[in-house]
Amino acid sequence: MQPLRVSVSLLFKQTLFIMKKFNTLLLSVILLLFISTSLSAKANTQNPKELGFSMTHVLQDTARISKQEKIKKTRVDRKVGIQAELGYKTIVGGGLFISYYPTPKMAIDAGFGLGAQAFNLGARYRYFLVDGRLTPYVGLGALYRPLSIDNTDEIETPDGEFVEFDLNSNLFVIPQFGLEFRGNSGFIIGFNVGYAALVNKEAYTADKPLSTVDRTFFDFIYGSSFSIGSYIGFYF
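Throughout this description, residue numbers start from 1 for each chain and increase along the sequence as written. Since the coordinates come from a predicted model, pLDDT governs what is reported: local features require at least 70, and pairs of side-chain atoms require 80 or more to be given and counted, while whole-chain, interface and lining totals use all residues. To obtain the side-chain values, all non-hydrogen atoms of the structure were used and water was disregarded.

Q: Looking at this structure, how should I read the overall build of the chain?
A: Runs of H or I in DSSP of at least four residues are treated as helices and runs of E of at least two as strands, each being numbered from the N terminus. If you tally the helices and strands in the chain, you get three helices and 13 strands. Burial classification: accessible surface area is computed with a 1.4 Å probe over protein chains only, and a residue below 20% of its type maximum counts as buried, one above 50% as exposed, and the rest as partly exposed. A buried classification covers 36% of the 236 residues belonging to the chain. Every accessible area reported is derived by Shrake-Rupley at a probe size of 1.4 Å, with residue values counting cover from the shown protein chains alone. If you sum the accessible surface of the chain, you get close to 12,700 Å²; carbon and sulfur atoms cover 66% of it.

Q: Hey, could you run me through the pattern of salt bridges in this one?
A: Between side chains of opposite charge, a pair can form when the charged atoms approach closely. When a carboxyl oxygen of Asp or Glu is within 4 Å of a side-chain nitrogen of Lys or Arg, the pair counts as a salt bridge. For the structure on display, the rule yields four salt bridges. Taking the shortest distance from any N to any O, the salt bridge between glutamate 180 and arginine 126 comes out at 2.7 Å. In this pair, glutamate 180 sits in strand β10 (residues 170-182) while arginine 126 sits in strand β5 (residues 120-128), placing the two residues 54 residues apart along the sequence. For the pair glutamate 180 and arginine 126, one class covers both residues: buried. Among the salt bridges present, the one from arginine 182 reaches glutamate 180, with a minimum N-O distance of 3.0 Å. The exposure class assigned to arginine 182 is buried, which follows from its relative accessible area of 2%. Via salt bridges that share partners, Asp109, Arg124, Arg126, Glu180 and Arg182 belong to a single interconnected network.

Q: Help me understand the packing of aromatic side chains in this model?
A: Each aromatic ring pair is described using two quantities: the centre-to-centre distance and the angle formed by the ring planes. Working definition: a ring pair exists when centres of Phe, Tyr or Trp rings (six-membered ring for Trp) sit within 6.5 Å. Plane angles under 30 degrees give stacked, over 60 give edge-to-face, the rest tilted. Inspection of the entire model under this criterion finds 14 aromatic pairs. Note on tyrosine 101 and tyrosine 235: the rings are 5.9 Å apart at their centroids and 55° apart in plane angle, and the pair reads as tilted. Of this pair, tyrosine 101 sits in strand β3 (residues 94-103) while tyrosine 235 sits in strand β13 (residues 225-235), placing them 134 residues apart in sequence. Here the two residues tyrosine 101 and tyrosine 235 agree in accessibility, since each one is buried. Taken together, a centroid distance of 5.6 Å and an interplanar angle of 70° make the contact between phenylalanine 128 and tyrosine 137 edge-to-face. By way of ring pairs, the aromatic residues Phe165, Tyr204, Phe217, Phe218 and Tyr222 are connected into one cluster. Definition used: whenever NZ (Lys) or CZ (Arg) falls within 6 Å of the ring centre and also within 35 degrees of the ring normal, the charge is taken to sit over that ring. Over the ring of phenylalanine 97 we find arginine 124, and its NZ or CZ is 5.3 Å from the ring centre. A cation sits over an aromatic face here: arginine 182 above phenylalanine 128, 4.4 Å from the ring centre.

Q: Any chance you could explain unusual backbone geometry here in plain terms?
A: Only a minority of non-glycine residues have a phi that is not negative, and only a minority of peptide bonds are not trans. Its identity as a non-glycine residue notwithstanding, lysine 89 has a phi of 55°, on the positive side. Structurally, lysine 89 is set in the loop between β2 (80-88) and β3. Residue lysine 89 is classed as buried on the basis of its relative accessible area, which comes to 4%.

Q: How should I be thinking about the nonpolar core in this particular structure?
A: Proteins that are soluble and globular tend to have nonpolar side chains buried together. In these notes, a set of buried Ala, Val, Leu, Ile, Met, Phe, Trp, Tyr and Cys residues joined through side-chain atoms within 4.5 Å is what counts as a nonpolar core. Grouped together as the largest cluster of nonpolar side chains are 16 residues, with contacts concentrated most on Phe165, Phe172, Tyr204, Leu210, Phe218 and Tyr222. Where this core is concerned, the elements lending two or more residues are β9 (165-167), β10, β11 (187-198) and α3 (212-222). In terms of residues, this core owes the most to one element, α3, which gives four residues. The next biggest cluster of nonpolar side chains, apart from the first, holds 10 residues, and it includes Ile91, Val92, Tyr137 and Ile188.

Q: What's the story with the pairing of β11 in this structure? I'm lost.
A: If a strand is regular, its side chains alternate between the two faces of the sheet. Two strands qualify as a pair provided that DSSP identifies no fewer than 2 bridges between them. Bridge count for β10 against β11 is nine bridges, and the pairing is antiparallel. Across the sheet, the residue bridging to arginine 182 is isoleucine 188, located in β11. What sits between the antiparallel neighbours β10 and β11 is a turn of four residues, in which glycine 186 has the positive phi angle 110°. As defined by bridge partners, β11 adjoins β13 across 10 bridges and the pair is classed as antiparallel. Considered in β13, the bridge of tyrosine 195 is made with phenylalanine 226.

So, in C-alpha cells, the structure goes:
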C-alpha cells in the first residue's frame, strides 16, 4: 500500500491565500467603522453658524465629554467577551477565545483552536492605548501546540522531495500590535500582527537532510515566523 503523500507547500499557499483575503476584509471593515464613527461624531457636533463661535465650542465640548463618558461606562460595565478568530500563529489559530476586561484599558485572553499541529492552546495580555471605540493595543501572548506527532505521512517539500517528520510539542511567545473596535452595543472586531518566537530548541525532526529552501520553508510553518490574525465577537 502506497503511503499518503501530501503536497504541504500547495496546501500552505492555499491556506495563506484564504487567510489573507479574510484578514484584508476584516481590516477594511475596521477602517470603514472608524471613518463612519469619525464622520458621525463630526456631524453631531456641527452647529448652525448663528450660534456663534463660543456656543459652538461649548456644544462640541459637551458632546465630546458625553461620548467619552458613554464609551468609558460601556467598557466598565461589560467585562467579558467571546471572540472567534482566524489567524496564523496567533494565540488560537482558527478557534475561540474568551476575554476578560479587568479595566477599560486591559484585557486577558485565553482560548483554543486548530492549527498546523492539529490543536492549539493560547493566552494573552493586552493593553489598550486610547479610550476611543477604535483603539490600538500592544499585547504579549503565548501559543502552545501540545500534540507531538511521530512519523507523519510523507510530505512533498518545495524542492520536490518526500519527507517524513517527527513534530514536537511547541511553545511560542508572541508580542503583538493590534486594533480593536468595540461598539457600545457590545460588538467587537479586531486585527493583530506580531512575531511568534519558538521557545523550545527544535520544532521538528526530518527523516533525511533538508535543503536550505526546504529547511526555511518548514521553519516558517513550524518554527519562528510572523503572526497575523483577525477576530469578531461580542462582549457582555
